[in-house]
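Examination of the molecular architecture
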Amino acid sequence: MGSRRTLETIACSRCQFKKVRCDRVGPECGRCTSIGADCIYRSRKPRAKKQGNDVSENNVLADVLDRLKRLEEHCGLETASDNDEHVDRSMSRPSVNSDHSTAVFPERSNSPVPPGVIGGILSRIRDPQSRALLLSNVFSHLQGVESRFFENENCVRAIAVAMSKIEHLQDTPTNEPTASADMPKEIARKFLRNYYDCYQFEGFKIPLDKSFLLSIPDLLENPHVQLDYISQIIYYALGLQGIILDPGAHRDNGGKIKYLYRKCLELTNRWQDHIQNTPADLYGAILMVSMALESCNSELAWKMLGHALKIAKALGYFYVDGSPEDMDWQPSLAQISPADETEVDKNRKRFEFWHLLRTDCLFRLSFGKPTLIPPGSWKVNLPDPTIDGVDDESSRFIQIHFLASMRLALVVMKYLDWVDLEPDHNPASHDATVDSFLEEVQLIMSDWDPDELLRIARTQVDTWFCADMIFSSYKFLIILHQSKKCSQERHRLPHQTVDFSRKSIQMFQSLLGSSLHAYWGISLILLHQFIPFFILCFDIIGNPERSEIDTDLSLVTWIGDHVESIVEERVELRPVMITMKAMLTACQQVRSNRLDSAMTNTP
């Protein structure tokens, strides 16, 4: 025993690879010692001190990328046994008695109805569009946190007041800003060129030629030309992205943004009857997932994901690294990658498939949807994140985002699959499993150093990639802490849940305060900031004596005001804004009562 040193700072390589708890005792940990395995502790590279402009940003990115690649190697991609057998990098999971030949989405799966009193209050809303908006964009998120929100009298009263106001919305005239009737050709080309200038990556390649897209403004004016729906969808969607990627363009183009949104949605309704299994249709469907989420139409977004997966399956994206004998069912020849397909083409397919897999996890976690990519239905390795083997410095943020976000997606997928199994009724065992998920998420965050990356980000795209990972991680950490049995038995929220909620909104406030990165849309708030907002509101209402109440009230007030400013141009979001304002009023009333009580008790 005298030869054993103090605890190491990180787990040994073998325990990281096996994804098991390491006691971190040197020179060899207990697990490795018990089976006679080699135990190696890899020293974590010290973080470079910030030295202003003297710090090499390229070296920082390369170091983060290296750490993420080592994290992927150490953690592995499948659960391995305690012997040192080879672990295949393919992520096809074993069958669990599902019919894989019909692994596409059901025709309809509405967001779950909230329980008891909230469901009754919500049912009073006559307008089905408002009711669906609140179900999918507010209450579906709240159910994922497993809090006692629906049991708090003040919270329920605030929701009831909001629903009463929403009931009368359809009787109230609106002053909705008018969308542009059309867009001048040169302006349209300017936004398209801006998109090409700001974002080009081999992993998500536009399937239409740039010259063709730039000619579409002229083609639309030609009465003898009939453009297909998907080409128009891609044209309008990329134009919209071009506006968003311009740091200042959106400020004077609210009408154009609304016009482009509506054109995309209008064309999508027609396109759904003419969908074909082509790369262009796949690209358009993926674009429309994001567009529909930004339009607060999660049902349409989920339907677009289903179309994208149908097309991807038909084009062989599910079996890039598989052969017919590997499958649990017999795919057609068209669904198997051709023998002469280049490695670059395979990497593109892998990249897009994993993007779809992560999106599937997002809908399961955020909206309570069933998986559209069941276990055993795919055989796809992780791609080389450079896609073409050329390590271009301009794509370093994309590579980092891909490796970090896919690693997080794997943890989310494991958690969701675990939740879908029979519940673990042993509180200690249940919480120990949740703790293992928490450790994995924290390891990912420690290895990609988001604060440093945000500091050196220079473009809207790079900042968006960082923000997406930060907010996704915070949200998942909140859900994990709330899912612990010990948290559900407490009268108050766990401090970790409140801390992560506060950090998430503070980070969003900081990003929005930058003039360079001023446009974020509404989907980022609905997907990532709604849970932190309601967590802080619930904690203010349920725990008004705590010291941070003024800080947290300031944060939730700020995000409520921000949503209200968005609603000025998007009146269809008024039910969401009214719900948030009702919660803010309840929070302010609690603080006012606290101040009155303090004054009354002052001698």
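Anything mentioned here points back to the structure above.
The sections below set out a description of the structure shown in this document. (Residues numbered from 1 in each chain as written. Predicted model: local features only at pLDDT ≥ 70, side-chain atom pairs only at ≥ 80, totals over all residues. Heavy atoms only, no water.)

So, on to the nonpolar core. Nonpolar side chains tend toward joint burial in soluble globular proteins. Judged by nonpolar contacts, the single largest core of 164 residues is most densely connected at Leu213, Ile234, Leu238, Trp354, Phe476, Phe533 and Met583. If we skip the residues at most four places from it in the chain, Phe533 touches Ile505, Val556, Ile559, Met580, Met583 and Leu584. Listed in part, the eight residues of the second largest apolar core include Cys15, Cys22, Cys32 and Tyr41. (Core = buried A, V, L, I, M, F, W, Y, C linked by side-chain atoms within 4.5 Å. Buried < 20%, exposed > 50% of the residue type's maximum accessible area, 1.4 Å probe, protein only. Contact = heavy atoms within 4.5 Å.)

Compared with an ideal rise of 1.5 Å per residue, which puts 19 residues at 27 Å, helix H21 (residues 549–567) spans 27 Å between its outermost C-alpha atoms and is within 8% of the ideal. Of all the positions in H21, only Ile549, Asp552, Leu553, Leu555, Val556, Ile559, Gly560, His562, Val563, Ile566 and Val567 are classed as buried. (Helix = DSSP H or I, 4+ residues; strand = E, 2+ residues; numbered from the N terminus. Expected span 1.5 Å × (residues − 1).)

Okay, a negative patch on the surface next. On the surface, a cluster of negative charge is made up of Asp384, Asp388, Asp392 and Glu393. Looking at where Asp384 falls in the secondary structure, it is placed in the loop between helix H13 (343–367) and helix H14 (396–420). The exposure class assigned to Asp384 is partly exposed, which follows from its relative accessible area of 32%. (Patch = residues over 30% accessible without salt bridge, like charges linked within 9 Å, V, L, I, M, F, W, Y side chains within 5 Å. Areas by Shrake-Rupley, 256 points an atom, 1.4 Å probe, with all protein chains shown as cover. Salt bridge = Lys/Arg side-chain N within 4 Å of Asp/Glu carboxyl O. Lys, Arg positive; Asp, Glu negative; His and termini not counted. Charge placed at Lys NZ, Arg CZ, Asp CG, Glu CD.)

Let us look at the packing of helix H7 (residues 185–198) against helix H8 (residues 210–221). For any two helices packed against each other, one specifies the crossing angle of their axes together with the interaxial distance. Put simply, H7 and H8 touch, their axes get as near as 10 Å, and they point 165° apart. Looking at the two axes, H7 sits roughly antiparallel to H8. Crossing angle aside, the handedness with which H7 passes H8 is right-handed. Residues Lys185, Ala188, Arg189, Leu192, Arg193 and Tyr196 of H7 pack against Lys210, Leu213, Leu214, Pro217, Asp218 and Glu221 of H8. (Axes fitted to C-alpha atoms, helices over the stretch in contact; angles between N-to-C directions. Parallel < 35°, antiparallel > 145°, perpendicular 65-115°, else oblique. Left-handed = near helix turned anticlockwise from the far one by under 90°.)

What follows concerns the pattern of salt bridges. Applying the stated rule across the entire model yields 23 salt bridges. A salt bridge links Arg189 to Glu186, with the shortest nitrogen-to-oxygen separation between them at 2.8 Å. Here Glu186 and Arg189 lie together in helix H7, a separation of three residues that amounts to about one turn. For Arg189, a relative accessible area of 9% puts it in the buried group. Between Asp417 and Arg364 there is a salt bridge, and its shortest N-O distance comes to 3.0 Å. One end of the pair, Asp417, is in helix H14; the other, Arg364, is in helix H13, with 53 residues separating them in the sequence. A single salt-bridge network, built from bridges that share partners, covers Lys185, Glu186, Arg189, Asp218 and Glu221.

This paragraph deals with the environment of Asn152. Among the structural elements, Asn152 can be located in the loop between helix H5 (128–143) and helix H6 (153–167). Exposure remark for Asn152: the relative accessible area of 17% places this residue in the buried category. Sequence-wise, Asn152 and Ile541 are 389 residues apart; in three dimensions their C-alpha atoms are separated by 8.7 Å. When residues no more than four places from it in sequence are discounted, the contact partners of Asn152 are Phe538, Ile541 and Gly542.

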